[in-house]
Amino acid sequence: MKVAVIGAGIVGVATAYELALRGAGVTLIEAHEGVGLGTSFANGGQISACEVAPWAGPEIPGLILRWLGRDDAPFRLRPKMDPDQWRWLLRFLMRCRASARRERIPPNLELALLTRARMAAYEADFRAAGRRFAFDRRDKGILRIFRERHALREAAAESETMARLGIEQQVLTPAQCVELEPALASALQRGEIAGGLHSPSDASGDAHLFSKALAAAAAARGVTVLTGAAVAEIIVRGGRACGVATAQGPVEADAVVVAAGAGTAALLKPLGLRSWIYPVKGYSVTVPAPEGNAPEVSITDEARKIVISRLGDRLRAAGQAEVAGYDLTLEPARANAVLDGLLGLLPQAAPRAGAAEFWCGLRPMTPDGSPVIGRLEPFPNLFINSGHGTLGWTLGAGSGAALADLVCDSAPQLSLSPFSISRF
């Protein structure tokens, strides 16, 4: 079987690798000049099963109203004359219920746990091949810190659901947070930590380096990797997908997988298909790690709405969410808000802030916070693996394995029905 996979971010690369493991002939097609250069390039670095709950929740409408007009608002809405944006927003607001959020936690978590298993298998594959799987991974867990006790109580209550599903989280006092991560000492002294939740089984790492390493391993297994090959259209004949037209010419295939992130909707629209995926812009900043007191544990600062991960000798902070279409303009005010959040929590990073590298990208989000994975009816050999939002790093490898099982008629490792596009 010949399979064309569109998109070489985390999800597309994992899908291509998993298909190759099952004996498929795969062509991985990427518009950028390399793999992992889109949304996967400079994300927050967290592989976070503890944070698979959707963004949509009962508190969100009020926060949106409170932040209206602020350039540095953690969540910003910029309405456009775009019916797709309004349809997405309406569905998103309809999901802003506690029951809707709870509904999505079990399937997302099951996919996150499959990702853990598959990443461990990749490590074993690399060792067997005599190669090192290097992507600045740290297995120090994720620490969520809270400035308000009521926010900690609410998160602790949600963590009980996670515990029943297999994710351990420990409620920590302010002093225990600093004992776990001494880099937070100044935040404790300023009275900014009311407590924390630590998920010791979670991890962090550089998604871009992971994508490059896994793509190279996929190529060693026979996958053809085409970069600089933007896809113009999916070619359909007789009710079946038979390939794709790219900037480097056509690619024939027996099956096509769309893992194109924020570009998914544009590829599916000419086929009369709606993906229910819309871009949400996020920002990150990367600075040299301070010597001696850089954090070892990946941190989520719930008050500042940022995540921070140590990636080798670098610190990466990420945050912001802007529903504003496909514009990739890097706005200094929003980028600096992330840097300010980083320096506010970890002032020891300030001496090296002059070397900060700013980035923004488009997270491919669905209204309900779960990706779309499965077959795209009425085309029996057209598949989708997209819409992971902020969870591409957390769900990517599991998504690739689950979809590869479907494409190759292998025994399924989990049910894909919760991720079907038909749920919309």
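Residues numbered from 1 in each chain as written. Predicted model: local features only at pLDDT ≥ 70, side-chain atom pairs only at ≥ 80, totals over all residues. Heavy atoms only, no water.

## Describing helix α3 (residues 83–94)
Taking 1.5 Å of rise per residue, 12 residues should cover 16 Å, and α3 covers 17 Å from first to last C-alpha, within 8% of that figure. Buried residues of α3: Gln85, Trp88, Leu89 and Phe92, and no others. Along the axis of α3, the buried residues cluster in a sector spanning 100 degrees; they form a single face. Exposed side of α3, more than 90 degrees from the buried face: Leu90 and Met94 are the residues found there. (Helix = DSSP H or I, 4+ residues; strand = E, 2+ residues; numbered from the N terminus. Expected span 1.5 Å × (residues − 1). Buried < 20%, exposed > 50% of the residue type's maximum accessible area, 1.4 Å probe, protein only. Arc of directions from axis to C-beta.)

## What to know about the sheet that holds strand β2 (residues 25–29)
Working definition: the strands of a sheet are paired by backbone hydrogen bonds and lie parallel or antiparallel to each other. The sheet built from six strands is open, its strands ordered β9-β2-β1-β13-β20-β19 with mixed pairing. Each of the sheet's edge strands pairs with one partner strand only, and the pair in question is β9 (224–226) and β19 (372–375). Averaged over neighbouring strand pairs, the angle between their axes works out to 15 degrees when direction is ignored. Of the strand pairs in this sheet, β2 and β9 are connected by three bridges, and their pairing is parallel. Residue pairing in the sheet places Thr27 in a bridge with Thr224 of β9. Where helix α1 (residues 10–21) meets the sheet, it contacts β1 (2–6), β2, β13 (255–258) and β20 (382–386), and its direction lies at approximately 170 degrees from that of β2. Sheet contacts for helix α11 (residues 392–407): β1, β13, β19 and β20; angle to β20, the most-contacted strand, approximately 170 degrees. (Pairing = 2+ DSSP bridges. Axes fitted to C-alpha atoms, helices over the stretch in contact; angles between N-to-C directions. Contact = heavy atoms within 4.5 Å.)

## Re the sheet that holds strand β12 (residues 249–252)
Across the sheet, which stays open at both edges, the three strands sit in the order β10-β11-β12 with antiparallel pairing between neighbours. If you trace the sheet from one side to the other, it starts and ends with β10 (231–237) and β12, each paired once. Geometrically, the sheet is characterised by an average inter-axis angle of 25 degrees between neighbouring strands, direction not taken into account. Taken together, the six bridges between β10 and strand β11 (residues 240–246) define a ladder with antiparallel strand orientation. In the strand pairing of β11, Glu233 is matched with Ala245.

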